[in-house]
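Descriptive structure summary
In case you want the letters, here they are:
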Amino acid sequence: MTKSGLSVFSLLFLTPAWGQEPRTEIMKWQDGKSACVSLTYDDSTINQFRIDVPLLNERSMPGTFFIITGDIQGSRNQPAFAGRPIMTIIRESERVPTTKENALERTSLLNYLQTVQLVPELSDFSAQRLGRFLQRGDYAELGKVVDAALAKLRKSGASYTVGPRKSAVGDKRYPLTWDEIRRYAAQGHEFGNHSVTHPFMPALDEANIVYEIEKSNEDIREQLGVKHTFSVEAPYGIDDPRVRTIVAARFPLTRNWVTDDFMDGFLRDDRRDPTTSTREYVQWQRGPLSRTTLDAMKGWVDTSIGHGIWLVLVFHGVEGIGWEPLTTENMRAYYDYIKAHEGQLWIATFQDGAKYARERVNSKVSTSRSGDAIAVTVTHSLDAHVYDLPLTARTTIPADWRLARFRQGEEVRWLPIYREGGNSFVMYRMMPNGKAVTIEKGAN
Ligand SMILES: [Zn+2]
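The text that follows walks through the structure, step by step, so that each part is easy to find. Once a new chain begins, its residue numbering starts again from 1 and follows that chain's sequence as written. Local features in this predicted model are restricted to residues whose pLDDT is 70 or higher, and side-chain atom pairs enter the listing and the counts only when it is 80 or higher, whereas totals over whole chains, interfaces and linings include all residues. For the side-chain quantities, the full set of heavy atoms in the structure was used; hydrogens and water were omitted.

**Observations regarding the packing of aromatic side chains**
What counts here: When two rings of Phe, Tyr or Trp (its six-membered ring) have centres within 6.5 Å they constitute a pair, described as stacked for plane angles under 30 degrees, edge-to-face for angles over 60, and tilted for the intermediate range. Only DSSP runs of H or I with at least four residues qualify as helices, and only runs of E with at least two residues qualify as strands; both kinds are numbered from the N terminus onward. Residue exposure (1.4 Å probe, protein chains only): buried if accessible area is under 20% of the type maximum, exposed if over 50%, otherwise partly exposed. Criterion for a charge above a ring: Lys NZ or Arg CZ within 6 Å of the ring centre, and within 35 degrees of the ring normal.
Under the criterion given, the structure shown has 20 aromatic pairs. Their ring planes at 70° and their centres at 6.2 Å tell us that F66 and F350 sit as a pair that is edge-to-face. Of this pair, F66 sits in strand β3 (residues 63-67) while F350 sits in helix α12 (residues 350-361); the two residues are 284 residues apart in sequence, bridging distant segments of the chain. An identical accessibility class is assigned to F66 and F350; each is buried. One aromatic cluster is present, formed by W29, F66, F262, Y281, W310, W346, F350 and Y356 through successive ring pairs. One Lys or Arg, R394, reaches over the ring of F425 and ends 4.2 Å from the middle of that ring. Taking NZ or CZ as reference, R413 lies 4.2 Å from the ring centre of F406, over its face.

**Side note on the pattern of salt bridges**
What counts here: Within this document, salt bridges are pairs made up of a side-chain nitrogen of Lys or Arg and a carboxyl oxygen of Asp or Glu, the two lying within 4 Å of each other.
Counted by the stated rule, this structure contains 28 salt bridges. One salt bridge in this structure joins R255 and D42, with 2.7 Å as the shortest N-O distance. Of the two residues, R255 is situated in the loop between β6 (253-254) and β7 (263-266) and D42 in strand β2 (residues 35-42); the sequence distance between them amounts to 213 residues. Residue R255 is classed as buried on the basis of its relative accessible area of 1%. Within this structure, D42, E233, R255 and R268 form a network of salt bridges that share partners.

**A look at the environment of T161**
When you line up the elements, T161 lands in the loop between α6 (139-156) and α7 (178-186). Each C-alpha atom, one on T161 and one on V258, is 38 Å from the other, the two residues being 97 residues apart in sequence.

Purely spatial values, then, with no claim about function.
As structure tokens, this is what we get:
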């Protein structure tokens, strides 16, 4: 296409004279998209699978589901209390009051007996309500609650042991099966760890936190494969530093904490403006509640696209089932809005969003030209068995190329040529740490 005399001028003086070495950059997000969105779902409630998964599949959009494995039929690892025999702890409480040293063993035990064994004496006990004492380190107040609960257990005369979970009348758990989950995984959805029983972990000791996340991981690994053991969300969106140490050491990716130095994190309860961050990557978590308007939800997408943000959406209930449910109508409208912006928005699972950013910031790129061929290699320093996502690269090419052919190993394809600011370039997905990429001038 001939433009004006200016193009001759720019060709001579403004464009980098070819002969200059070609350059390659790895794009911030896959396919050169402006931003990334990950759709995440907590608690494995039924309508997420009956309603959301079909809506996502119709639009070819992947989701990430944090599942409670103790609720899934056929899980080998059942809810349990990890520690000394239960009656030993209860009897000991008669002579030893609750202190900082024994508090978490006792709160772990009470939580187990209340949430799994449904012990009637503990019907008004709540591990979550102890959170404020634990946060303040107020073991005197915590001790009063715990000692009173243990006194009730001693007084009941019952003998408590670890055993099968009791079902309450009207129990809302439903028969989600691993076969069903495997089907969703094969459709491209990610599954993540949300523990065996969904406990409030700041009130658990290390042995019970480890049981909850490692035993659920065993079932997930066995049923779905190691790929689905990448991401974890400790229940209730907690940010307790003691729990963080235990959980973050066992998973490459946590949704409770943003652990990458190069990434700023704005979690669900963070009211700061994510566009003020100066870090290269920003993860912005937003969790729509029942009262959140569709316009507000759309605004998160717009802001993310405008600022290159990784928007991580956190959904819970759907159509009356689960915490803070959204309506099917709003979910459908929101998915349509996200899909309509796909030209600027990479819709990725939670693990893929993290993997892409980590691979990119840990990559080294080299580009060299030999005649009508440009060779590009991209290597990253991460474990290539885990970090196996392609990256999108952009390489400048001589202005007189009309066709460009991409080759990496067996893969060969023609690339569209883009022109911008006097440069010609091609953009392509490639595998880092693989065979060298060659971009060749096509005969025309
Ligand atoms: Zn949850």
